[in-house]
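One-letter residues, chain by chain:
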Amino acid sequence: GLFLNTKIRKAPPGTSPSEAARRTRDQISEDLDVLGVKSVDMLMLRDSPDPDVIRAQWAVLEEALKSGKTRSIGVINFCRGALEAVLESAKVTPALNYYMLHVGMGRDAHGLRPFGEGRGIRTFAYGCLGEPGPN
């Protein structure tokens, strides 16, 4: 079968938590309209340097889950601090943390896998194969 997900855009630097939440709500509606569906299998939140923005956006994803617009919610490229920010106020734990992990980073870069999985957050990693190298 098909698994349909969509990724929430990062809030621009300096965006207030309330504005980030509004942008997130708007994007979810827009994405569902563009895709021509009433729900997706997963909504994924990108990282942000502002923990208040993370929490505001996460609350919107929880609303979308509760209202049936998605079956699950997860995060993208969250470090331990960002995961801790979500978990401080989350009613729903992220289903997964999708981040880059490859052999050159060692067995467990930054200890993210045991930290997340110890809290019920699965790891879904992507590698750098085929990506451009550093400049």
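In what follows, the structure referred to is the one given above.
Quick summary incoming for the structure in this document. (Residues numbered from 1 in each chain as written. Predicted model: local features only at pLDDT ≥ 70, side-chain atom pairs only at ≥ 80, totals over all residues. Heavy atoms only, no water.)

Judged by pairing direction, the sheet is parallel, and its five strands sit side by side in the order 1-2-3-4-5 without closing on themselves. Each edge of the open sheet is held by one strand with a lone partner, namely strand 1 (5-8) and strand 5 (122-126). In this sheet, adjacent strand axes meet at a mean angle of 25 degrees when their direction is disregarded. Where strand 2 (residues 42-46) and strand 3 (residues 73-76) come together, four bridges link them in parallel fashion. The partner of Leu 43 across the bridge, within strand 3, is Ile 73. Of the strands in this sheet, strand 1 and strand 2 touch helix 1 (residues 17-35), which is tilted by about 150 degrees from strand 1. (Pairing = 2+ DSSP bridges. Helix = DSSP H or I, 4+ residues; strand = E, 2+ residues; numbered from the N terminus. Axes fitted to C-alpha atoms, helices over the stretch in contact; angles between N-to-C directions. Contact = heavy atoms within 4.5 Å.)

What follows covers the pattern of salt bridges. This structure, assessed with the given rule, holds 12 salt bridges. Across the pair Glu 88 and Arg 55 runs a salt bridge whose closest N-O atoms are separated by 3.1 Å. In this pair, Glu 88 is assigned in helix 3 (residues 80-89) and Arg 55 in helix 2 (residues 51-66), connecting sequence segments 33 residues apart. A salt bridge links Arg 122 to Glu 117; its shortest N-O distance comes to 4.0 Å. One network of salt bridges, in which partners are shared, links Glu 19, Arg 22, Arg 23 and Asp 26. (Salt bridge = Lys/Arg side-chain N within 4 Å of Asp/Glu carboxyl O.)

Let's shift gears to the packing of helix 1 against helix 2. Put simply, helix 1 and helix 2 touch, their axes get as near as 8 Å, and they point 35 degrees apart. With respect to the hand of their crossing, helix 1 and helix 2 are arranged in right-handed fashion. Across the interface between the two elements, Pro 17, Ala 20, Ala 21, Thr 24, Arg 25 and Ile 28 of helix 1 pack against Asp 52, Val 53, Ala 56, Gln 57, Val 60, Leu 61, Glu 63 and Ala 64 of helix 2. Within the contact of helix 1 with helix 2, the residues separate by chemical class into nine nonpolar, two polar and three charged. (Left-handed = near helix turned anticlockwise from the far one by under 90°. Nonpolar A, V, L, I, M, F, W, Y, C, P; charged D, E, K, R; others polar.)

This part takes up the packing of helix 2 against helix 3. How two helices sit against one another is set out by the angle between their axes and by the gap between those axes. Orientation of helix 2 relative to helix 3, taken along the N-to-C sense of each, is 50 degrees, at an axis distance of 9 Å. The orientation of helix 2 relative to helix 3 falls into the category oblique. Handedness of the crossing formed by helix 2 with helix 3: right-handed. Only Ala 82, Ala 85, Val 86, Glu 88 and Ser 89 of helix 3 make contact with helix 2, whose side of the interface consists of Pro 51, Ile 54, Arg 55 and Trp 58. Residue classes in the contact of helix 2 with helix 3 are distributed as six nonpolar, one polar and two charged. (Parallel < 35°, antiparallel > 145°, perpendicular 65-115°, else oblique.)

Positive phi outside glycine occurs at Asn 77, with the angle close to 60 degrees. Relative to the elements of secondary structure, Asn 77 occurs in the loop between strand 3 and helix 3.

Turning to the packing of aromatic side chains, a few remarks are in order. Summed over the entire model, instances satisfying the criterion amount to one aromatic pair. Plain terms: the ring middles of Tyr 98 and Phe 124 are 5.2 Å apart, the flat faces sit at 25 degrees to each other, and that makes the pair stacked. Note that Tyr 98 is positioned in strand 4 (residues 96-100) and Phe 124 in strand 5, a separation of 26 residues in sequence. (Phe/Tyr/Trp six-rings, centres within 6.5 Å; stacked < 30°, edge-to-face > 60°.)

The next subject is the pairing of strand 2. With four of five residues buried, strand 2 lies mostly within the body of the structure. Pairing geometry for strand 1 and strand 2, over four bridges, is parallel. Within strand 2, the position partnered with Lys 7 by the bridge is Met 44. Chirality of the crossover, the property in question, places the unit of strand 1, helix 1 and strand 2 among those that are right-handed. (Buried < 20%, exposed > 50% of the residue type's maximum accessible area, 1.4 Å probe, protein only. Right-handed = clockwise from strand over helix to strand, strands pointing away.)

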